[in-house]
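As a plain string of letters, each chain reads:
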Amino acid sequence: MQRIVVLAGGIGGARFLRGLRQAAPDAEITVIGNTGDDIHLFGLKVCPDLDTVMYTLGGGIHEEQGWGRADETFTVKEELAAYGVGPAWFGLGDRDFATHIVRTQMISAGYPLSAVTEALCQRWQPGVRLLPMTDDRVETHVLVDDPDAAADPGRGDAGDGAGGRRAVHFQEYWVRLRAAVDAHAVVPIGADQAKPAPGVLEALAAADTVLFPPSNPVVSIGTILAVPGIREAIADADVPVVGLSPIVGGAPVRGMADKMLAAIGVETTAQAVARHYGSGLLDGWLVDTADADAVPDVEAAGIRCRAVPLMMSGPDATALMAAEALTLAEEVRA
Ligand code: FO1
């Protein structure tokens, strides 16, 4: 029984997992899910990256969106707006609300997020073990220029050269602002005090292979690695660690990873992301055939590299990518 551990976040991570399950049906797959995207709304705890994995693998996902439930309605959202209770910019559907109500109820009763996630997965049967990266509260914030300060010159800056900047919750940056403004920093608040959730370090210690799917290297994979102990456990694991580039042809396949990479000073190329993770973490790196010219550079960084099609155009294409990642892991292991 091959034990595979996958660090996952976002739509790309969830879709990759569907392909991995198809490529390695007999493997025991443990997912360490990003929780830095979590947001508290209407008194409820919403865990977008955990829910996206759970719904995608459990068959409940809104396929085109990649987030939220299929066959959704938004009556509760409309009623909240009628009361003037915001925010209106985050699309929570009626079916999705049930997940957040059950989760918040269990957390209020004292269950840790890992136990809650296990309970929710009883219904969805995702076919993987889904662990939050931590049971502690971590919320990613993004430092942006303060559009209001610009509109109100009287405010100026506090003389700290911050030039009227403010931190917004990742979801506000991602959904309300559509990442349209430059991010000057990305801060996973609480990460430095967080502990890996029960089972996370054990899963990494027992893994035969560790995979970094084409998730956002900063706010998904990067946030998971920011939890003390997780990066070390992967670096110390003497098993192959193989990643798949989320950047193809100098642009993110989906989402706005380029804005996040710019915030940390990493170029939006397949090879820059590999170097960003570093040979201390990565043993192998898959780039798309469009970036075949990047292979020598990645190999020069001490990371085995190969160019294969990386567009998750459908379940079979994604399964092929996953199979290529496992093949590269075996080459590295040899
Ligand atoms: N993304 C959007 O672009 N617009 C939304 O209104 C939105 C709502 C939403 C509700 C629940 C949920 O689990 C995810 C949701 N997302 C939405 C996606 C979410 O912002 C991203 O998938 C992750 O946080 C990034 O990986």
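Residues numbered from 1 in each chain as written. Predicted model: local features only at pLDDT ≥ 70, side-chain atom pairs only at ≥ 80, totals over all residues. Heavy atoms only, no water.

Engineer: Could you clarify how one ought to interpret the site of the ligand in this entry?
Structural biologist: Inspection of the region around the ligand gives 15 residues, with D37, D49, G91, Q171 and R178 positioned closest. Between the ligand and the protein, one listed contact pairs an oxygen atom with a side-chain N or O atom of D37 at 2.9 Å. Between the ligand and Q171 there is a distance of 2.7 Å, counted from an oxygen atom to a side-chain nitrogen or oxygen. Bound to the protein, the ligand loses 91% of the 530 Å² it would expose on its own. (Near = heavy atom within 4 Å. Polar contact = N/O pair within 3.5 Å; in protein donor to acceptor, adjacent residues only side chain to side chain. Areas by Shrake-Rupley, 256 points an atom, 1.4 Å probe, with all protein chains shown as cover.)

Engineer: What is the right way to look at the nonpolar core in this model?
Structural biologist: One recurring pattern in soluble globular proteins: nonpolar side chains tend to sit buried together. In this structure, Y173, V210, F212, I234, M260 and W285 are the most contacted members of the largest nonpolar core, which totals 58 residues. Residue assignment places this core across two domains, with domain 1 (3-135 + 193-333) and domain 2 (139-189) each supplying three or more. Apart from the residues within four sequence positions on either side, M260 is in contact with V142, F170, Y173, W174, A183, V186, N216, V218 and V219. If you look at the next biggest cluster of nonpolar residues, it comprises 39 residues, including Y55, L113, V242 and L326. (Core = buried A, V, L, I, M, F, W, Y, C linked by side-chain atoms within 4.5 Å. Buried < 20%, exposed > 50% of the residue type's maximum accessible area, 1.4 Å probe, protein only. Domains from an automatic or database assignment. Contact = heavy atoms within 4.5 Å.)

Engineer: I'm lost on the packing of aromatic side chains in this one. Help?
Structural biologist: Remark: the centre distance and the inter-plane angle together describe each pair of aromatic rings, the angle taken between the planes. For the coordinates displayed, the defined rule picks out 6 aromatic pairs. Ring plane angle 50 degrees and centroid distance 6.1 Å describe the contact between F42 and F97, whose orientation is recorded as tilted. Taken together, the positions of F42 in the loop between β3 (39-41) and β4 (44-46) and F97 in helix α4 (residues 94-108) put the pair 55 residues apart, joining distant regions of the chain. Each residue in the set F212, Y277 and W285 is aromatic and connected to the rest through ring pairs, giving one cluster. A cation sits over an aromatic face here: R69 above Y55, 5.5 Å from the ring centre. (Phe/Tyr/Trp six-rings, centres within 6.5 Å; stacked < 30°, edge-to-face > 60°. Helix = DSSP H or I, 4+ residues; strand = E, 2+ residues; numbered from the N terminus. Lys NZ or Arg CZ within 6 Å of the ring centre and 35° of its normal.)

Engineer: How should I be thinking about the sheet that holds strand β2 (residues 28-33) in this particular structure?
Structural biologist: By way of backbone hydrogen bonds, the strands of a sheet pair with one another, either parallel or antiparallel. Taken in spatial order, the 7 strands of this open sheet run β5-β2-β1-β9-β10-β13-β14, and their pairing is parallel. The strands lining the two open edges of the sheet, one partner per strand, are β5 (129-132) and β14 (304-307). Averaged over all pairs of adjacent strands, the angle between their axes in this sheet comes to 20 degrees, without regard to strand direction. Where strand β1 (residues 3-8) meets β2, 6 bridges bridge the pair, whose relative direction is parallel. Bridge pairing in β2 links A8 to G33. Contacts between helix α1 (residues 10-23) and the sheet are confined to β1, β2, β9 (209-212) and β10 (241-244), with β1 contributing the most and set at about 165 degrees to the helix. (Pairing = 2+ DSSP bridges. Axes fitted to C-alpha atoms, helices over the stretch in contact; angles between N-to-C directions.)

Engineer: Hey, could you run me through the domain arrangement of the protein chain in this one?
Structural biologist: Annotation of the protein chain at the domain level lists domain 1 (3-135 + 193-333) and domain 2 (139-189). Centre-to-centre separation of domain 1 and domain 2, based on C-alpha positions: 25 Å. Of the residues lining the interface, 19 residues belong to domain 1; the matching set on domain 2 comes to 21 residues. Where domain 1 abuts domain 2, roughly 1600 Å² becomes buried across the two surfaces, and 68% of that area is made up of carbon and sulfur atoms. When the buried area of domain 1 at its contact with domain 2 is split by residue, W89, M256 and K259 rank highest and sum to 39% of it. Applying the counting rule to domain 1 against domain 2 returns 1 salt bridge. We note a salt bridge from D182 to K259, for which the minimum N-O separation is 3.4 Å. (Buried area = accessible area lost by both parts, 1.4 Å probe. Salt bridge = Lys/Arg side-chain N within 4 Å of Asp/Glu carboxyl O.)

Engineer: What is the right way to look at the environment of Q22 in this model?
Structural biologist: Its location among the elements puts Q22 in helix α1. Sequence-wise, Q22 and G84 are 62 residues apart; in three dimensions their C-alpha atoms are separated by 45 Å. If sequence neighbours within four positions are ignored, Q22 has contacts with P315, D316 and A319. Only 3.0 Å separates the side chain of Q22 from the side chain of D316, close enough to count as a polar contact.

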